[in-house]
Structure formats: C-alpha cells, structure tokens
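# What the coordinates show
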Amino acid sequence: MTQAARIVGDRSRTPDLALGTLREIRPGTSNCPGSRGSLTPARPVALSGEFAGGGPARAGPQRIARRTLPGRTVLSGVARDDVARVTIATPRDVRTLIPSSGAHAFVVVYDGTFPTGEGTLTAAFEDGSTAVELLPFLGMP
C-alpha cells in the first residue's frame, strides 16, 4: 500500500486533515524499497520514504482538534535475515524496530514532515556489529 487508509463501508478512504473529511483513494503498490535479493553486506537495509505535506489542521465548531502535525512521513523497508534491529533517529525521536519474521520488513509512520535536519538508520546485526546510514531525505517537506 502506498497510503494509509481507513475502510468506510466497502470503500478505502484517507483523512484530509485540512478539511476534516475522508476522501476516497485507490490504494497502489508503488514506492517499494526493493527485494531482499538486492541486499548486500554493504547495504543490509533497503529503505523507501513517502512524504505528504498538509495544510494546517482546522477544528470546526463542536469538534475536537487532533494534536498531530499536518502531513505524514512513512519510512518502510526490508532487511537482511541477519539484521536483528533497525533504529531510525530523526530530529524528533529515536525508534527501534524489529523486522517482521517472514519478510523481514518494517514500517514507521510519523505525523508531519521533517523540513530541516537529518536522520540516521542503524542496522544492528545478530553478531553485535552495526551499520549506519545517513538519511538525507528527511529534510524534504
């Protein structure tokens, strides 16, 4: 899936934070990080990102305003079998993920985007060694 969605009735919909409504979407499968067959010792994790800007969230009369930033950043990827943990450090926080057992995949979703700053991805191997990769695209709106 390329977008997070909610099922409403028999249709797939996504929130429009600026309008406070749900709009219909047709899920796709683009933006895939690649196959695990392309992973090497020098590149133990394949990562892709989706960045969706958004206008300011508005709260109408008798509505509750959500305390989330407008927009969304989704980082997803696959790791080699010998990667035990993936740690993603952004200007806002640090998250450690354990890849799934079957596909060795992971996903992390942030509210908002990262207009400035940089991040790192650290792959921790089962033998205790690590590999660190700079994430320069986190500075994209």
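Up top is the structure.
Presented here is an overview of the structure given in this document. Throughout, a residue's number is its position along its own chain's written sequence, starting from 1. For a predicted model such as this one, the threshold for reporting local features is a pLDDT of at least 70, and the threshold for listing and counting side-chain atom pairs is 80 or more; totals across whole chains, interfaces and linings nevertheless cover every residue. For side-chain calculations, the full set of non-hydrogen atoms in the structure is used, while hydrogens and water are omitted.

## So, the overall build of the chain
Going by this rule: Only DSSP runs of H or I with at least four residues qualify as helices, and only runs of E with at least two residues qualify as strands; both kinds are numbered from the N terminus onward. The contact criterion used is simple: two residues touch if any of their non-hydrogen atoms lie within 4.5 Å. Working definition of accessibility: Shrake-Rupley area with a 1.4 Å probe, residue cover restricted to the visible protein chains.
The number of helices and strands found in the chain is 0 helices and 10 strands. Counting helices and strands in the order they occur from the N terminus, the chain gives β-β-β-β-β-β-β-β-β-β. Here the analysis covers contacts within the chain between residues at least 6 apart in sequence; of these, 56% occur between residues at least 24 apart. Accessible surface, the chain as shown: approximately 8600 Å² in total, 54% of it carbon and sulfur.

## Observations concerning the sheet that holds strand 6 (residues 83-89)
Note the cut-off: Pairing between strands is defined by DSSP: at least two bridges between them are needed. A fitted line through C-alpha atoms represents every axis, and for helices the fit uses only the stretch in contact; the resulting angles, taken between N-to-C directions, go from 0 to 180 degrees.
Taken together, the 4 strands give an open sheet; going across it, the order is 7-6-9-10, and neighbouring strands pair in antiparallel fashion. Edge strands, defined here as strands with exactly one partner in the open sheet, are strand 7 (94-97) and strand 10 (130-135). Here the strands of the sheet are splayed against their neighbours by 15° on average, with no regard to which way each runs. The sheet contact formed by strand 6 and strand 7 spans 4 bridges and is antiparallel. Note on strand 7: the bridge partner recorded for Ile-88 is Arg-95.

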